[in-house]
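Take a look at the letters that make up each chain.
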Amino acid sequence: PDDDQVKKSTTSLAAKFHFPIGTTEFDVMGSKHYDDWVAGVGSTGYLGGAAWRLDATWTFLDDPSDESPHSYLSLMANMDYAWIWWSKNFYGYIEYFFNGLGENDYPEALFNRDITERLQRGELFVLGKNYLSGTLQVELHPLFNVFFTAINNTKDPSGILQPRATWDITQNLQMTVGANIFYGDKGSEFGGFIIPGTEIRSRAPDNAYLWFIYYF
């Protein structure tokens, strides 16, 4: 932003090799992201009627802050499945996320330059280490679907509950209504903690939304 010139230190270059072995697919990745080197592996496969995925990256920090390790692991594993109950279509998934850069002391995490930089860049959305989430979808009618998502920090515990519903009113018009409800004790990540040096409690407000989408 100072001189309108793109710098090597703020760009990314990556290469990925994808290959299957039987019904299981694999990925191997290497990248230079900003000033950090990143290596990654991933896999996708099937277990019965369910699909599973496992992705992991190892980031080597070029200039780690005093609060950060020299390298850290990020890992995501999930499984999803579709089935029929009471003549209705159901779909669900469960997911685990490990953030090796995360902190268990959330106020201290705000002083960690490596965490705050990634929050600002949209690479990271949480402060802690271990998260478990899941979604359940029920098709009550081919034009009306109900969803419920829960995201949980397993240490606190604290998290977000996200109910929503979609209704295809016409061929070109869709309505979505939902809410984001945060829970957790004071001092937890999503329940809210005091920002150091202030009397401000860091907690996102519960909210609801209504969307109308028109296609033309």
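Located above this text is the structure these notes cover.
Residues numbered from 1 in each chain as written. Predicted model: local features only at pLDDT ≥ 70, side-chain atom pairs only at ≥ 80, totals over all residues. Heavy atoms only, no water.

## With respect to the overall build of the protein chain
The condition that has to hold: A run of H or I in DSSP counts as a helix once it spans at least four residues, and a run of E counts as a strand once it spans at least two, with each numbered from the N terminus. Accessible area is worked out with a 1.4 Å probe on protein chains only. A residue is then buried under 20% of its type maximum, exposed over 50%, and partly exposed in between. Residue contacts follow a heavy-atom distance rule, with two residues in contact if any of their heavy atoms lie within 4.5 Å. The protein chains shown are the only cover counted for residues, whose accessible areas, like all others here, come from Shrake-Rupley with a 1.4 Å probe. Charge counting follows a simple rule: Lys and Arg are positive, Asp and Glu are negative, and His as well as the terminal groups are ignored. Charge positions are represented by NZ for Lys, CZ for Arg, CG for Asp and CD for Glu.
A count of helices and strands for the protein chain gives 2 helices and 13 strands. Across its three principal axes, the protein chain shows a C-alpha extent of roughly 55 × 55 × 40 Å. Here the protein chain holds 216 residues, and 31% of them are scored as buried. Summarising the internal contacts of the protein chain: among those between residues at least 6 apart in sequence, 40% fall at separations of at least 24. Entry remark: accessible area of the protein chain is about 13700 Å², with carbon and sulfur atoms responsible for 61%. In the protein chain, 15 side chains carry a positive charge and 27 a negative one; their mean positions are 3 Å apart.

## A few points about the environment of Gly 197
Residue placement: Gly 197 occurs in the loop between β11 (193–194) and β12 (201–202). On a C-alpha basis, the gap between Gly 197 and Pro 107 in space is 9.9 Å, while along the polypeptide they are 90 residues apart.

## Let's talk about the pattern of salt bridges
Quick reminder of the rule: By convention in these notes, a salt bridge is any Lys or Arg side-chain nitrogen within 4 Å of a carboxyl oxygen on Asp or Glu.
Applying the stated criterion across every chain, the model contains 7 salt bridges. Notably, a salt bridge pairs Lys 16 with Asp 27, separated by 3.9 Å at the nearest N-O pair. With Lys 16 in strand β1 (residues 12–21) and Asp 27 in strand β2 (residues 24–33), this pair connects stretches of sequence that are 11 residues apart. Take Lys 16: its relative accessible area is 61%, and that puts it in the exposed class.

Functional significance is not addressed by these values, which are geometric in nature.
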